[in-house]
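If you want the building blocks of each chain, they are given just below.
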Amino acid sequence: MVDDTILTSPSIHWLSSDKTDYIPESVFDWLMEAGSMTRRFEQHCQNVSVMPFREGFITPEALSSESEHLPVSEKYWLRETVLYGDNIPWLLGRTIIPVETLTGPDKKLVDIGTVPLGRYLFSGNNLTRDYIQIGQQGDHWVRRSLLRLSGKPLLLTETFLPNSPVYK
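The notes below deal with the structure included here. (Residues numbered from 1 in each chain as written. Predicted model: local features only at pLDDT ≥ 70, side-chain atom pairs only at ≥ 80, totals over all residues. Heavy atoms only, no water.)

### Re the pattern of salt bridges
Selection rule: We count a salt bridge whenever a side-chain nitrogen from Lys or Arg sits within 4 Å of a carboxyl oxygen from Asp or Glu. Only runs of H or I of at least four residues qualify as helices and only runs of E of at least two qualify as strands under DSSP, and these elements are numbered from the N terminus. Note on exposure labels: buried denotes an accessible area under 20% of the residue type's maximum, exposed denotes more than 50%, and partly exposed covers the range between, all computed with a 1.4 Å probe on protein chains only.
Per the counting criterion, the structure on display carries ten salt bridges. The partner of E42 in a salt bridge is R119, and the shortest N-O contact between them spans 2.2 Å. Of this pair, E42 sits in helix α3 (residues 37–42) while R119 is found in helix α4 (residues 117–121), placing the two residues 77 residues apart along the sequence. Owing to a relative accessible area of 32%, E42 belongs among the partly exposed residues under this scheme. A residue is classified by how much of its surface remains accessible, and R119, at 39% relative accessible area, is partly exposed. Residues R94 and E66 are paired through a salt bridge, measuring 2.6 Å at the closest nitrogen-oxygen approach. Within this pair, whereas R94 is found in strand β4 (residues 88–98), its partner E66 is found in the loop between β2 (48–58) and β3 (76–85), the two being separated by 28 residues in sequence. Since its relative accessible area comes to 18%, R94 is described here as buried. We classify E66 as buried; its relative accessible area is 7%. Linked by salt bridges that have partners in common, R54, E66, E80 and R94 make up one network.

See below:
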């Protein structure tokens, strides 16, 4: 099981877009994946599964630098998960969703449980991505995306764990 410290420490060092030329091409290709990471992982294993680690509403004070990427909101839905390929932990996911995004059919986001976020988000044609930002957390590669679901924002941070096919 993953403990709390792996999700929060050490801090992530975000790279400026002109400082990515030292990233191996194969890793860079994974980090810049525009489609569903879940679908991409499914090409490398028999079964992709998700274990929710933490879910619930948080206040703006609980956000760190993430608040720079999202509109001000009274509260945010936080979902932290571990994504597994054939029962091997491959990715830590952290999604932050302003409560205003959780309207209409997108209210279901608080109830997806063990469904991979990518399966939900990429199941329709109402998803856009504003950007992908690349970072490092110790020896792990990380990416952060501002996504828009029906035009409404959510922030997704993905940390690629050592056994992930990203490093193969």
